[in-house]
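What follows is each chain in one-letter form.
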Amino acid sequence: MAGSSGGASGAVPEYEVPELHTRVFHVGSFGALWKRSLPGAELAVQGAAAEDGAAAVAEELGCGLETAAELRAVCSIDMLKSPDKEEDPEIISEDSSLVTLRIRKKALERREETIIVDRTCRQETFTYEMESHAIGKRPKDPADLIEEGELFLTLNIFYPVIFQKHKDHKPYQTVLVLGSQKLTELRDSISCVSDLQMGGEFSSHPDQAPEHISKDLYKSAFFYFEGIFYNDRRHSECRDLSRTIIEWSESHDRGYGNLQTAKMEDYTFNDLSIKVGFPYLFCHQGDCEHIIIITDIRLVHQDDCLDRTLYPLQIKKHWLWTRKCFVCKMYTARWVTNEDSLAPEDPCFFCDVCFRMLHYDAEGNKLGEFLAYPYVDPGTFN
Amino acid sequence: MSCASGLQADCEALLSSFQETDNVRFEVFSGLWRDRRFHTIFHGQTRPLEKNKFTQKVLDLAWRYFLPPYTFQIRVGALYLLYGLYSTQLCKPKQKIRIALKEWLEVQRFQQDLINAQHYDAAYIFRKLRLDKAFHFTAMPRLLCFRTKKKVRETELKEEFKELSNRVSKLITNDVLEEMMNVHDHYQKMKCLISTDGSQPDKALSLIKDEFVINIKNMILEYQQWQQDKMKSSSKAKDSDEMTDKREGGTSQDSEGSERANALAKIKYKSYNAVAEASKSRRHRQVKLESSESGSDQGKMKTPRCKRSRERSQLTQKRNSLETKDRRQAIKKEAVTRNRRMPVIAEENSSEEDLPCPKRKRTR
Ligand SMILES: [Zn+2]
Ligand SMILES: [Zn+2]
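A quick note: this is a predicted structure, and the numbers were derived from the prediction, not measured.

What chain B contains, in helices and strands, is 13 helices and two strands. Excluding contacts between residues fewer than 6 apart, the proportion of contacts in chain B whose partners are at least 24 apart in sequence is 74%. For chain B, the accessible surface area stands at approximately 20,600 Å², while carbon and sulfur atoms represent 53% of it.

This part is about the pairing of strand E7 (residues 228-231) of chain A. Residues and elements named next belong to chain A. Taking every second residue as pointing to the same face, both faces of E7 are buried, with Ile228 and Tyr230 on one and Phe229 and Asn231 on the other. Pairing of strand E6 (residues 221-225) with E7 involves four bridges; the strand directions are antiparallel. From the neighbouring strand, Tyr224 faces E7, where its bridge partner is Phe229. The turn joining E6 and E7, which pair antiparallel and follow one another in sequence, is formed by two residues; a positive phi near 45° is taken by Glu226. Two strands pair when backbone bridges link them, and E7 and strand E8 (residues 260-263) are joined in this way by four bridges, in the parallel orientation. Note on E8: the bridge partner recorded for Phe229 is Thr261.

For the rest of this paragraph, the subject is the coordination of the zinc ion (ligand 2). Residue and element names in this part refer to chain A. Only Cys325 (SG), Cys328 (SG), Cys351 (SG) and Cys354 (SG) from the protein coordinate the zinc ion (ligand 2), and they sit 2.2 to 2.3 Å from it. In the primary structure, the donors to the zinc ion (ligand 2) are separated according to the pattern C-x2-C-x22-C-x2-C. With Cys328 in the loop between strand E12 (313-316) and strand E13 (335-338) and Cys354 in helix H11 (residues 352-359), this residue pair connects regions lying 26 residues apart in the sequence. The class of Cys354 is buried, set by a relative accessible area of 11%.

Next up on the list: the confidence of the model for chain A. Residues and elements named next belong to chain A. Looking at chain A, the pLDDT average stands at 83 and 82% of residues meet or exceed 70. Within chain A, the element-level pLDDT minimum falls on helix H9 (residues 214-217), averaging 59, and the maximum on strand E3 (residues 25-26), averaging 96. Contacts for the low-pLDDT stretch residues 1-8, under 50 throughout, to residues beyond four places or in other chains number 16 contacts.

On to the pairing of strand E11 (residues 288-299) of chain A. Residue and element names in this part refer to chain A. Taking burial as the measure, the twelve residues of E11 include ten buried ones, the bulk of the element. Looking at chain direction, strand E4 (residues 151-158) and E11 are connected through seven bridges and run antiparallel. If you follow Leu153 over to E11, its bridge partner there is Ile297. The pairing of strand E10 (residues 279-284) with E11 spans six bridges and is classified as antiparallel. Note on E11: the bridge partner recorded for Tyr280 is Ile292. In this structure, the hairpin formed by E10 and E11 is closed by a connection of three residues, where Gln285 is found at a positive phi of approximately 55°.

Omega for the bond connecting Asp346 of chain A with Pro347 of chain A falls within 30 degrees of zero, at 0°, which places this linkage in the cis form. With respect to the helices and strands, the residue Pro347 of chain A is situated in the loop between E13 and strand E14 (348-350). With an omega dihedral of 10°, the bond running from Pro68 of chain B to Pro69 of chain B counts as a cis peptide bond. Residue placement: Pro69 of chain B occurs in the loop between helix H3 (48-66) and helix H4 (72-88). A positive phi angle, close to 45°, is found at Glu339 of chain A, a residue other than glycine. Following the sequence through the fold, Glu339 of chain A ends up in the loop between E13 and E14. Of the residues examined, Glu339 of chain A reaches a relative accessible area of 58% and is grouped as exposed.

Residues that lie three or four places apart on an α-helix share one face, since the helix turns once every 3.6 residues. All names here are of chain B. An ideal rise of 1.5 Å per residue puts 16 Å on twelve residues; helix H6 (residues 120-131) measures up with 16 Å between its terminal C-alpha atoms. Burial runs high along H6: eleven of the twelve residues are buried. Along H6, the positions that sit buried rather than exposed are Tyr120, Asp121, Ala122, Ala123, Tyr124, Ile125, Phe126, Arg127, Lys128, Leu129 and Arg130. Downstream of H6 by a residue or two, Lys133 has a phi angle that is positive, lying close to 55°.

Moving on: the pattern of salt bridges. Here the structure, examined in full by the defined rule, presents 19 salt bridges over all chains. A salt bridge links Arg75 of chain B to Glu106 of chain B; the nearest nitrogen and oxygen atoms lie 3.9 Å apart. On the criterion of sequence distance, the pair formed by Arg75 of chain B in helix H4 and Glu106 of chain B in helix H5 (residues 101-116) is long-range, its members being 31 residues apart. Note on Arg75 of chain B: relative accessible area 3%, which makes it buried. When salt bridges that share partners are traced, they join Arg187, Asp188, Asp232 and Arg234 of chain A into one network.

All names here are of chain B. The predicted model of chain B averages 70 in pLDDT, with 60% of residues at 70 or higher. Note on residues 267-340: pLDDT is under 50 here. Beyond four places in sequence and across chains, it has 83 contacts. In this model residues 349-364 is a low-confidence stretch, pLDDT under 50, and it forms 31 contacts with partners more than four residues away in sequence or in other chains. Predicted complex, confidence summary: ipTM 0.83, pTM 0.70.

Of note, Pro160 of chain A is situated in the loop between E4 and strand E5 (172-178). With relative accessibility at 14%, the residue Pro160 of chain A sits in the buried group.

The rules behind each value
- Here the residue numbers are simple positions, counted from 1 along each chain's written sequence.
- By the order in which they are written, chains take letters starting at A while ligands take numbers starting at 1.
- Given that the model is predicted, a residue must reach a pLDDT of at least 70 before its local features are reported, and side-chain atom pairs must reach 80 or more before they are shown or counted; all residues, however, enter totals for whole chains, interfaces and linings.
- Side-chain figures throughout are based on the complete set of non-hydrogen atoms in the structure, without hydrogens or water.
- Helix numbers and strand numbers start at the N terminus; a helix is a DSSP run of H or I with at least 4 residues, a strand a run of E with at least 2.
- Pairs of residues are marked as contacts when any of their non-hydrogen atoms sit within 4.5 Å.
- In these tables, accessible area is a Shrake-Rupley quantity obtained with a 1.4 Å probe, and a residue counts as shielded only by the protein chains included in the view.
- For every residue, the accessible area (1.4 Å probe, protein chains only) is compared with the maximum for its type, and the residue is labelled buried under 20%, exposed over 50%, or partly exposed between those bounds.
- Two strands qualify as a pair provided DSSP detects at least 2 bridges between them.
- The donor set comprises N, O and S atoms within 2.8 Å of the metal, extended to 3.2 Å for Na, K and Ca; water molecules are omitted, so apparent gaps in a site may simply reflect that omission.
- Confidence of the predictor in every single residue is expressed as pLDDT, which spans 0 to 100.
- Given a helix with a known number of residues, its expected span is that number minus one, times 1.5 Å.
- Any Lys or Arg side-chain nitrogen located within 4 Å of an Asp or Glu carboxyl oxygen qualifies as a salt bridge.

Now the structure itself:
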């Protein structure tokens, strides 16, 4: 497959720039190398715990049975517990010598004095729920169980920068995908407002607006990883969006080397050669660009969500500020008007109900002069 | 003081006192842990997200002492620390310890060392962590997200925990000594062959002292001993005589079963640790080079000079990789005008924060 270097030496991820990103390596070979390095019991995602009797210990460590039995007692976790008094793990004891606890105590006191607790707390609870909602889940159908040795990739997918205030701190969502999943499975799971955008001015026939959703009109999209554009060619009307870029690059001899194209639907993440921590690209709707960073790859663990059907799994998202209707100040805006004789400002935002109530009579006739555009709020997917 | 530096202070205090005992038994470590009631480090956290993040942070910190360049004693201490932290954490499910693939070889070698030296308690605990599935087997030690987060500065960990390193021990390792010995023997034999008396070389050919390899070894050991003593006396104002005494008879507290092996292992580590460590890391690097050089020159007899030039090329390679840092490009996003008919919406200049709560709660 294109872009695969294969050999074991190239499969051990190393830093290219320390603490920032790795060199290029082949995802599948990396996974295979881990699998080869570990005994089956350690890879297993379910089943009984491995043999922990004295005999097994003695054999593995090469010690006597007596020593093995002794080790069990000497190395027990109970050895780390202080039996002297009952304690509540939510409370920090007064007489602790640990610096960490003194700092935490102070932070907690400060927190109690301020009022913002409630809000940050709610936000945190939500982030936690998002992160952990699927942990430990098992599929109903055993065929959907994720196999041992499967790879987990953590991806940060950035929203296109639409607000000035996000220029420095770009919002993103985090998803988990499986090494054996196709790129198209990720593509289909990315929710972006520009897919719901409706082009056109609809003031004279507002009921027709929902028919023109961009996702259905413009199906082309590509991922860019390490010199290769992976184009979505599943639909006959899909255009090769990358062609213009490649032609531009070649015609001007920009020094980007050999850019190649491939079909998105033919590749799984295991087939890719990538750098962890390096920014790549997802592009759809012609010009809606999302930076993608693979922040982590690891072997599946038995505590993970093992239901294959739940992947790509979203574990973090950013709350985008939503525009509210100017009239009711309650619902998220669905319409935006320009040059609106009935509105106090230009542009003006309305929810569907208020928009229609204000701009049309009972028979649906247009009242006054205005231009109306369907509006999809960036916070739609909140 | 930040939470992170407090955490580091606590871990280092525990490891320091373990280091002072000059002993690698878990029994000793668990005593020190109990004295400090170290498990309470997880106490006072009520929010689950906070709990998870803190636990990840402390496991990551402890893991760093478990790898070279830290001394054998500190690495064993770090293993016990990881075991303690992993087992007493309050997260459900438990947060895992991350092992990166490139660290795996080192970790396995360490476990083998533990078994060979019959440090059964340490070997048992590592085995137990593996059986408990305490690890995530990863690509890299930490998550990497390019420059999107504020750059987290890698904090310097305690210098005294590190294996003594110096140019001398890096240059002249066990391997190099062994090779020198081989070359020397070979040289002697060659000289014998061309000499009139086949059993010993002619006087005219005797241009080198016969025991020079042994002399070099002794000089290095002497130097290391001197360096160690200097380090200890400078870090602590203790009587140096007492230190030597302790070092010589320090194994008395050990459990009987592995006492002899322990003593042996200690002597080995005491006298050779710096040498042995350096040679290991070197062997490791060599393997890397060979695989990238399509395996020429794999013969057993390598001259030291050939090795040195390889090492030099390694250094230049490293320098080159540093330079690529400067070539990193910032990602810029060009504004593209849409050609579809779109409304005119001015950019809202609001400084309002993103609403944290889900819509359904607001609209209720
Ligand atoms: Zn988009
Ligand atoms: Zn409204």
